[in-house]
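So you can see what is in the structure, the chains are spelled out below.
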Amino acid sequence: MNGKVVSVIQNQKVPGNSKLQEILDSLPHGVAVFNQQLILKQWNKKLFTLLGLENESFDIATDLNDILHINWSNQKSDGRNNFAAKILCELSKAKTSEELFPFSYEYHISQEKTLDIKGEVMPDSGMILTFSDISLRSNPNYYLQSTPPPHDNDISGSDSTSILEARSDREIMEQEAVKAIQMAEDLAITREIAENTAKHIEAILNAISDVLITMDAKGNILTCNHAVKNMFGYTSHELIGKNLLFILKTARVISEKDFEAFITSLEEEEQLKRHNGTGFKNCGTSFPVELNIREVNISGEKQFTIVISDVTERHEAEILIRRMALHDSLTGLANRNLLQQRLDEALRMALRTNNKLSVMFLDLDGFKPVNDIYGHATGDKLLRIIADRLDGCAREVDTVARLGGDEFAIISTNIRKEIDTVKAARRVLDSVRKPILINGNTHCIGASIGISFFPDDSQNPEELFRMADVALYEAKNNGKNDFRLYNLEMDAQSKKEKQIEVDLEKAIQNDELLLHYQPMLSTIDDSITGAEALVRWQHPEKGMIPPFDFIPIAENSDLMLTLGQKILEMACQQAKIWQEMDLPRFRVCVNISARQFQSKDFVDNVKNALASSQVDSSGIELEITEGMVIGDTKAVARKLEVLAEMGISLAIDDFGTGYSSLAYLKRFPVHQLKIDQSFINDITEDHDDAAITDAVIRLGHSLGLTVVAEGVETMEQAQILRQKGCDVLQGYYFSKPIPADEFEQWLITHAERNDH
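This report concerns the structure included in the present document.

The rules behind these values
Residues numbered from 1 in each chain as written. Predicted model: local features only at pLDDT ≥ 70, side-chain atom pairs only at ≥ 80, totals over all residues. Heavy atoms only, no water. Helix = DSSP H or I, 4+ residues; strand = E, 2+ residues; numbered from the N terminus. Expected span 1.5 Å × (residues − 1). Buried < 20%, exposed > 50% of the residue type's maximum accessible area, 1.4 Å probe, protein only. Polar contact = N/O pair within 3.5 Å; in protein donor to acceptor, adjacent residues only side chain to side chain. Pairing = 2+ DSSP bridges. Core = buried A, V, L, I, M, F, W, Y, C linked by side-chain atoms within 4.5 Å. Contact = heavy atoms within 4.5 Å. Phe/Tyr/Trp six-rings, centres within 6.5 Å; stacked < 30°, edge-to-face > 60°. Lys NZ or Arg CZ within 6 Å of the ring centre and 35° of its normal. Salt bridge = Lys/Arg side-chain N within 4 Å of Asp/Glu carboxyl O.

**Comments concerning helix H15 (residues 336-353)**
With 18 residues, H15 extends 25 Å between its outermost C-alpha atoms, agreeing within 8% with the 26 Å of an ideal straight helix rising 1.5 Å per residue. Among all positions in H15, only Leu 338, Leu 339, Leu 343, Ala 346, Leu 347 and Ala 350 are buried. The N-terminus of H15 is capped by Asn 335, whose side-chain oxygen sits 3.1 Å from the backbone nitrogen of Asn 337. Directly beyond the C-terminal end of H15, a positive phi value near 60 degrees is found at Asn 354.

**Observations regarding unusual backbone geometry**
A cis amide bond links Phe 454 to the next residue, Pro 455, at an omega of 5 degrees. Along the chain, the position of Pro 455 falls in the loop between strand S17 (446-454) and helix H19 (461-477). Phi at Leu 38 takes a positive value of approximately 65 degrees, unusual for a residue other than glycine. Its location among the elements puts Leu 38 in the loop between strand S1 (30-34) and strand S2 (40-43). Although it is not a glycine, Gln 614 adopts a positive phi angle of roughly 60 degrees.

**A closer look at the pairing of S17**
When you tally the buried positions in S17, you get nine out of nine residues, the bulk of the element. Where burial is concerned, the two faces of S17 agree: the one with Gly 446, Ser 448, Gly 450, Ser 452 and Phe 454 and the one with Ala 447, Ile 449, Ile 451 and Phe 453 are both buried. In the sheet, strand S12 (residues 356-365) pairs with S17 via nine bridges, with the strands oriented antiparallel. Note on S17: the bridge partner recorded for Asp 363 is Ser 448. Of the pairings in the sheet, the one linking S17 to strand S18 (residues 483-485) comprises three bridges and is parallel in character.

**Examining the nonpolar core**
Within the largest apolar cluster, 79 residues are counted, with the highest numbers of intra-cluster contacts made by Leu 504, Tyr 517, Phe 550, Leu 563, Val 588, Leu 622 and Phe 743. Per element, the largest residue contribution to this core is 10 residues, and it comes from helix H22 (residues 559-579). Beyond its immediate chain neighbours, meaning those up to four positions away, Phe 550 contacts Ile 500, Leu 504, Val 535, Arg 536, Trp 537, Ile 545 and Leu 563. Counting 30 residues, the second-largest nonpolar core is a separate cluster that includes Leu 364, Ala 387, Val 432 and Ala 447.

**Thoughts on the packing of aromatic side chains**
Inspection of the entire model under this criterion finds 13 aromatic pairs. Their ring planes at 55 degrees and their centres at 5.2 Å tell us that Tyr 234 and Phe 246 sit as a pair that is tilted. Here Tyr 234, found in the loop between helix H10 (227-232) and helix H11 (236-239), pairs with Phe 246, found in the loop between H11 and strand S8 (248-250); they are 12 residues apart in sequence, far enough to count as distant. Owing to a relative accessible area of 38%, Phe 246 belongs among the partly exposed residues under this scheme. Ring-pair connections join several aromatic residues into one group, and the members of that group are Tyr 517, Trp 578, Phe 586, Phe 743 and Trp 746. We note Lys 242 situated over the ring of Phe 246; from NZ or CZ to the ring centre the distance is 5.5 Å. Taking the ring centre of Phe 597 as reference, the NZ or CZ of Lys 639 above it sits at 5.1 Å.

**Quick notes on the pattern of salt bridges**
Evaluation of the coordinates by the stated rule reveals 23 salt bridges. Here Glu 463 and Arg 466 are joined by a salt bridge, their closest N and O atoms 3.0 Å apart. You can see Glu 463 and its partner Arg 466 sitting in helix H19, three residues apart, about one turn around the helix. Since its relative accessible area comes to 27%, Arg 466 is described here as partly exposed. The closest approach of N and O atoms between Glu 532 and Lys 674, which form a salt bridge, is 3.3 Å.

As structure tokens, this is what we get:
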């Protein structure tokens, strides 16, 4: 009945409020109409009767809670109203009709009287309440109790009995009529709900992107949703009656013959699993799908539902992820992971066929300067060109990989003779050496190659990689731009160097390192201007180890960072000691490695060394090579500026052996140039060396720099350098590097000699 009242109000087409009021007053139920703000706007006369109100009017501010709580204070203790109390509690929280929901509950006004209260939300309109008296339904004696008995003198006993029987029959008929009406209303509402629910479910199924199909045990399609049109290109009517294999296949089912056996054999756990398959569009193309199959029972008949998902995007993403995991993103070559897989496969094949295979490790020579000078974009283009060349040198059965940076590898299979690999290595070297033109600039680089063989060198893949790396290291140490085949002597040397690296790490921790100092003298008055700190290693068992036995090994590992910082700290501490002694003022010069300088913490590390020793920074000089200042000039310039602002002197070491860019000398706040000793060795006999030395001295002076000559070993060399105007001399002619205490004694002796 509540639905009818809502329909009357929503569909009222007669203009004017009076007509609607007449309709409401004619209803057998109490009606209360509220706006969206839940304020009472309209009601009928029956409402007052049912609620037991005497005044037929409401205050204009009466709201939903006012109506629902009438008489509640007297009846809320009635246990039968517990459900109603919960409803009222929830309704009291609402501020607008949008926050409400349809409801229905019984409200026991008294022992004899019960109301059925229904609430219906009217979309964008408000709320409507209907009140029905259901006392008869809940209390069969209601009519007899509420009707006064007749007077004894009005009717006889038999008449009284007849009246009571008639009244009882009428009550029963009325009760049955009420039940019949209620059942009819409930049936209509149920039918409407069922129809709406079916339409709602159908709309939802047709709205989802996955295809939903019901089929019999043979795979014949019974129903399908509209998504089949978007996914496969067929309409629902075109597919109903056809077999599922018409639009897809799986690895386990490829024909109708074995479809029933497959689907009926699915265990309950397998029904929950997703199965991969291939879908076929009506245009002839195929695409990957994923299936989820479940058994259902409809009207006693076994059927199956299958949900089909298009996983093309996921499939493509997985292919891309697998490719990214196994290929180098820059060059497209195999990466280290794929190289390992290919080597494992090649080893198994070589064992079966009794053939050899080779592992070739390749490292580019001269790539870093290109990357530093011209930028990473140019470096990346060069790497891609090299990758294409290496790929062109390899056979289809070979694997070319990029290991990272400028390191590559090639696995060659089905090798019958080692000479074939040697020829391949020479072919690779020739290909890499060809000039490369990028953005108008020609670049010439080389390569060093190390090669190991299966089964001659090892049958273990990790060992083959290690041996090729050992051979590569040997090739780089022997002039580069060449190849080396692995042999046992190399391995022994490699293990020796590895042991030195391990021992050196312990030496740093155990304070086995010490510094020797070589004086630097002014050519004007032969006074001391500086002392270059040179590290030595006093091994507890092997004795004194010269720097050229461990410095190159440290530079090839991160150990150089620790070693370099240790040397800097030791030099600062010694400089502080000499500053506090009665000695001539001079600077302690410390060589800085490329790894140290390029570290992002380099400046902070220098500050820490100065702070911990409390040395006067003007007594420290840092020597860097030309190659270290090539590249990111802004970052390099900023580092040098910060160091110069701290009062530290800066020198360019080994000048003339690197790139000798005048632009860098002009931009950077350096104070000294140190001519490499390779030009000093033959300065008395080689006119070219003499000319170069003369040019460097003039260049340094033109830029306002002090020029230092290293490696002076004879009087003749010293005289020529003085004649050319060199400012400072250093070398064995004056003193070899000596420990700090001997250096102090040398200073005293030298000062006394100068005084005389």
